[in-house]
Amino acid sequence: MAVEEEGLRVFQSVKIKIGEAKNIPPYPGPNKMRDCYCTVNLDQEEVFRTKTIEKSLCPFYGEDFYCEIPRSFRHLSFYIFDRDVFRRDSSIGKVAVKKEDLQKYHGKDHWFPLQSVCADSEVQGKVHLELRLSEVITDSGVICHKLATRVLECQDLPIVNGQCDPYAAVSLLGPSRSDAKKTKVKRKTNNPQFDEVFFFEVTKPLSFTKRQFDVEEDDVDKLALKVDLWNASNLKFGDEFLGEVRVQLKVLGQSGVHDAWYFLQPRDNGHKSVKADELGSLRLNIIYTEDHVFLTEHYNPLRDLLLQSAHAQPVSASAAHILGEACREKQEAAVPLVRLFLHYGKIVPFLSAIAHAEINRTQDPNTIFRGNSLTSKCIDETMKLAGMHYLRVTLKPIIDEICADHKPCEIDPVKLKESENLDTNRENLRQYVDRIFSAITSSGVSCPTVMCDIFFSLRESAASRFQVDPDVRYTAVSSFIFLRFFAPAILSPSLFHLRPHHPDPCTSRTLTLISKTIQTLGSLAKSKSANFKESYMAAFYDYFNEQKYADAVKNFLDLISSSARWDQKSIETPIMLKEGFMIKRAQGRNRFGLKNFKKRWFRLTNHEFTYHKTKGNAKGEGALCSIPIENILAVERLEEESFKMKNMFQVIQPERALYIQANNCVEARDWIDILTKVSQCNRKRLSTYHPSAFLNGHWLCCKLSADTAPGCTPCTGGLPANIQLDVDGDRETERIYSLYSTYMSKLVKMQEACGSKSVYDGPEQEEYSTFVIDDPQETYKTLRLVISAVQTLEQQHTQYKRDKFRKTKYGSQEHPIGDQSFQCYIRQQSESSTYSI
């Protein structure tokens, strides 16, 4: 979700690798060991949880998490919890990284010391205050100064035990005073509107003259206003602290008026600080990205240049190929390029052009597509985007079964446990390999059309280049579909979203053995001994050393690299796409039925969306409610004001809408995305919807009284299914601009290399030998256009920063006082800009 600004959209995303923890303090008991898991939180909202590592004080997680961040946040936090079956899980320590500090650790492994978790330091949200100092005449005719404090509202307070019932306590603090007053409690909201005014006597008259009263000005500077936010609790432990703000009255200045937003701060109650490494440490790799995307017209020159790449002669002189040459890692260039070309429907001609050029540079058919070239990385990325559903349908049911069964499959005699039998393990492994091999080779009809088009191009180019090798048309395709698609997905199912977490070590070993075997079968290896360093693997491969396996692979490769087309296939077997607990509102089938909220286990397959009373019921008894996919007319967010609940969305059916609350903002986005994608082909999809609920006889959004009234807002996902819809072309062009800008020095060197090659028909200079330049003149022309387009966008970004610097007010709702990132921004602007506020 983008944050909208004037003429600009801001996107935030984070990619995290949670490595390992070390030196966790031992459990205070005879066992000493702990069962630990790690959570990722936006402020205090949990958005991801790792698996639990049992009986360890140095747990290794090795888990990856990526999400688009759908809201503003102050801290990216990581908590280590100790699981306890007898009581509530206890927190051991946390790492909290401020938003403005994320760039310090960008893309690098870093050990963070764990800090203690204290209820008084777990703070989020902001408060809007208005202070006014004025002269007041008392009943006795005496003039004194009073402070009017208006507590207007708060935003983004935390949810405590499922809800938030906040109130504010306001105090005037001084050397010899502490007056306290309270607002009313606002029930079930973390965005309370208080709008209450409190008066405090600030100064008293010192001496009387006929002219005026004298005021102790020094006293005002010594006073401070303190606002504490609390959650009213019915528990015996008392109310929960939510945060505080202290405002020195000196901010009133000459005007006597102060109006500003403040970030809530932790309470400084002198709690004991913990020494570094006393609670252990956590290794993290964090990549935080913030994309500032302008209006489409600003990107036209660069985007048009990129989209012409497929038709550039030679393709090495194209803007896209130049990006691949400039980037340090080909993957950096491949991700935005593939998404851009997919969005504009030009991925197949682009990949065909760069693949054809690479094949023509390859001398040995046995090394075709073996390197990490731009071609290889781009095709990998295309398969991940276009083939994720295909991968789920083909592999997920069997991998789920392997992870659930825990059958022993170790065939290395050295690693065999005493209780295991080698022949039994071989048979278990052989059955798994056979089932996965059969699932893959019979799935050709389900392979996405865009992948088939790419494979057809690869096959034709390879067969034309190496006409004496009859198998090259197969190996050119198998090097991607088996070696870079199916085998890695089997090896690491969590990286391909087939499993929520990495499997346990025993299951991981089983998947490794299966992956090795499938990779060898798919490569059509003529000599099994050359493909296995381990003798036990070579012996196991004898099970599959039959012609029927090679024939099945060739038939499958022929099918997926055919130039024929087919319509969308129907898949008979239901495939589970996503499941988990959420809270749903009763749909009220009876006119007088109670419409309450209940926790249910939701399941989504490619056939239906269901919910069950418990997780166990989902495997046995029938569903409490089943919605066929073809009955889903739209999936949209539900405005928070409908039920005073966050993270709600609606699944709209012909007769009613099902209202659901997800556990956090990231999970809500994931459910909306996958439900939208799986239902996008439905013919009766709506074009408009109601963003609020139908309550008390009318729609809250448009106030219409008929529950069948057409929607008042355009749907966000009402177009037919197409991979182009999952991509924002302007955002991808902005990312490519950022890469060009980062590697500008390399672009300049490429220009120099083109000039050198054009002028001197001699040996290539060593400093330019890393660039692929087939046509110096054409490459130079493209470089000149690329650099010009990048410089124009650079000017646009600079102008935006200057304009924002001029207009932004510290203490506004967008930049509350206490916003350290804004203070850093102000410092940077004052150092680098000639403009002043």
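Residues numbered from 1 in each chain as written. Predicted model: local features only at pLDDT ≥ 70, side-chain atom pairs only at ≥ 80, totals over all residues. Heavy atoms only, no water.

To continue, consider the sheet that holds strand S4 (residues 45-49). Reading across the sheet, the four strands line up as S4-S3-S6-S7 and stay open at both edges, with antiparallel pairing between neighbours. In this open sheet, the two edge strands, each paired with only one partner strand, are S4 and strand S7 (90-98). Averaged over all neighbouring strand pairs, the angle between strand axes comes to 30 degrees, with direction disregarded. Here strand S6 (residues 75-82) pairs with S7 via eight bridges, running antiparallel. Residue pairing across strands places Phe81 opposite Ser91, the latter belonging to S7. (Pairing = 2+ DSSP bridges. Helix = DSSP H or I, 4+ residues; strand = E, 2+ residues; numbered from the N terminus. Axes fitted to C-alpha atoms, helices over the stretch in contact; angles between N-to-C directions.)

Here the focus is the nonpolar core. Core analysis: the largest hydrophobic core is formed by 113 residues, its most contacted members being Leu395, Met451, Phe455, Ile481, Leu557 and Tyr740. Of all the elements, helix H10 (residues 472-491) adds the most residues to this core, at eleven residues. If near-sequence neighbours (up to four positions away) are discounted, Tyr740 is found in contact with Leu302, Leu306, Ala319, Ala320, Leu323, Leu747, Val786 and Val790. The next biggest cluster of nonpolar side chains, apart from the first, holds 35 residues, and it includes Val160, Leu223, Ala260 and Leu264. (Core = buried A, V, L, I, M, F, W, Y, C linked by side-chain atoms within 4.5 Å. Buried < 20%, exposed > 50% of the residue type's maximum accessible area, 1.4 Å probe, protein only. Contact = heavy atoms within 4.5 Å.)

If you trace the backbone, Asp364 turns up in the loop between helix H5 (347-361) and helix H6 (374-386). Separated by 102 residues in the primary sequence, Asp364 and Phe466 have C-alpha atoms spaced 8.6 Å apart.

Here we come to the packing of aromatic side chains. Aromatic ring pairs are described here by two measures, namely the spacing of the ring centres and the angle between the planes. Inspection of the entire model under this criterion finds 26 aromatic pairs. Ring geometry for Trp230 versus Phe241: centroids 5.6 Å apart, planes at 75 degrees, classification edge-to-face. Here Trp230, found in strand S14 (residues 224-231), pairs with Phe241, found in strand S15 (residues 240-248); they are eleven residues apart in sequence, far enough to count as distant. Considered together, Trp230 and Phe241 belong to a single accessibility category, that of buried residues. Centroid distance Phe597 to Phe643: 5.3 Å. Interplanar angle 80 degrees. Geometry classified as edge-to-face. Remark: Phe643 occurs in the loop between strand S22 (634-637) and strand S23 (648-652) and Phe597 occurs in strand S19 (residues 597-605); sequence separation between them is 46 residues. The class of Phe597 is partly exposed, set by a relative accessible area of 31%. By relative accessible area, Phe643 is classed as buried at 15%. Between the NZ or CZ atom of Lys22 and the centre of the ring of Trp111, over which it lies, the distance is 4.3 Å. The aromatic ring of Trp671 is capped on one face by Lys578, whose charged end is 5.3 Å from the ring centroid. (Phe/Tyr/Trp six-rings, centres within 6.5 Å; stacked < 30°, edge-to-face > 60°. Lys NZ or Arg CZ within 6 Å of the ring centre and 35° of its normal.)

Bringing helix H11 (residues 505-522) into the picture now. Residues lying three or four places apart along an α-helix face the same way, a consequence of the helix completing one turn every 3.6 residues. For H11, with 18 residues, the first-to-last C-alpha span of 25 Å sits near the 26 Å given by 1.5 Å per residue. Buried within H11 we find Thr507, Arg509, Thr510, Leu511, Leu513, Ile514, Ser515, Thr517, Ile518, Thr520, Leu521 and Gly522. Measuring from the side-chain oxygen of the N-cap residue of H11 to the backbone nitrogen of Cys506 gives 3.1 Å; that N-cap residue is Asp504. Two residues or fewer past H11, Leu524 is found with a positive phi of approximately 55 degrees. (Expected span 1.5 Å × (residues − 1). Polar contact = N/O pair within 3.5 Å; in protein donor to acceptor, adjacent residues only side chain to side chain.)

Our focus in this paragraph is the sheet that holds strand S24 (residues 657-661). The sheet built from seven strands is open, its strands ordered S21-S20-S19-S18-S24-S23-S22 with antiparallel pairing. Of all strands in the sheet, those with a lone pairing partner are strand S21 (625-628) and S22, marking the two edges. Strand-to-strand twist in this sheet, taken as the mean axis angle between neighbours without regard to direction, amounts to 30 degrees. Across four bridges, strand S20 (residues 608-612) lies against S21 in antiparallel orientation. Across the sheet, the residue bridging to Glu608 is Pro628, located in S21. Packing of helix H15 (residues 665-679) onto the sheet brings it into contact with strand S18 (576-585), S19, S20, S22 and S23, and relative to S18 it is tilted by some 120 degrees.

The subject of this paragraph is the packing of helix H4 (residues 330-343) against helix H16 (residues 729-742). Direction vectors running N to C along H4 and H16 enclose 150 degrees, while the axes themselves pass 9 Å from each other. One finds that H4 runs roughly antiparallel with respect to H16. The way H4 lies across H16 gives a crossing that is left-handed. Together, Glu332, Ala333, Pro336, Leu337, Arg339, Leu340 and His343 of H4 and Gly729, Glu732, Thr733, Arg735, Ile736 and Leu739 of H16 make up the contact between the two elements. (Parallel < 35°, antiparallel > 145°, perpendicular 65-115°, else oblique. Left-handed = near helix turned anticlockwise from the far one by under 90°.)

What follows covers the pairing of strand S3 (residues 36-42). Within S3, seven of the seven residues are buried, which leaves it mostly tucked inside the rest of the structure. Judged by which residues are buried, S3 turns out to be covered on both faces: Cys36, Cys38, Val40 and Leu42 on one side and Tyr37, Thr39 and Asn41 on the other are all buried. Note: S3 against S6, seven bridges, orientation antiparallel. Along S6, the bridge assignment pairs Cys38 with Ile80. Pairing analysis gives four bridges linking S3 to S4, with the strands arranged antiparallel. For Val40, the partnering residue across the bridge sits in S4 and is Phe48.

The subject of this paragraph is the side chain of Thr782. Within the secondary structure layout, Thr782 lies in helix H18 (residues 776-807). We classify Thr782 as buried; its relative accessible area is 13%. Thr782 has contacts with Leu305, Ala317, Ser318, Ala319 and Ile322, leaving out every residue within four places of it along the chain.

In this fold, Pro336 is placed in helix H4. Overall, Pro336 belongs to the buried group, its relative accessible area being 4%. For Pro336 and Glu381, which are 45 residues apart along the polypeptide, the C-alpha to C-alpha distance reads 9.5 Å. Ignoring sequence-local partners within four residues, the contact set of Pro336 consists of Glu732, Arg735, Ile736 and Leu739.

Before going further, it helps to spend a moment on the pairing of S19. Every regular strand shows the same layout, with side chains that alternate between the two sheet faces. Sheet topology places S18 next to S19; nine bridges connect them, and they run antiparallel. Among the inter-strand pairings, Gly580 is bridged to a residue of S19, identified as Phe602. Pairing of S19 with S20 involves four bridges; the strand directions are antiparallel. Its bridge partner being in S20, Leu604 is matched across the sheet by Phe609. The hairpin turn running from S19 into S20, its antiparallel successor, is two residues long.

Turning our eyes to something else, we now look at the side chain of Gln650. With respect to the secondary-structure elements, Gln650 resides in strand S23. Residue Gln650 is classed as buried on the basis of its relative accessible area of 2%. A distance of 2.8 Å separates the side chain of Gln650 from the backbone oxygen of His690, its partner in a polar contact. Residues within four places of Gln650 in sequence aside, it is in contact with Ala634, Val635, Glu636, Arg637, Leu638, Ala657, Leu658, Tyr659, Tyr689, His690 and Pro691.

With omega at -10 degrees, the peptide bond leading from Gln313 into Pro314 counts as cis. As for its position among the elements, Pro314 is in the loop between helix H2 (300-307) and helix H3 (319-326). For Lys55, which is not glycine, the phi torsion reads 50 degrees and is therefore positive. Residue position: Lys55 is located in the loop between S4 and strand S5 (60-68). Residues other than glycine seldom take positive phi values, yet Asn696 does so here, at roughly 55 degrees. Here Asn696 falls in the exposed class, since its relative accessible area comes to 77%.

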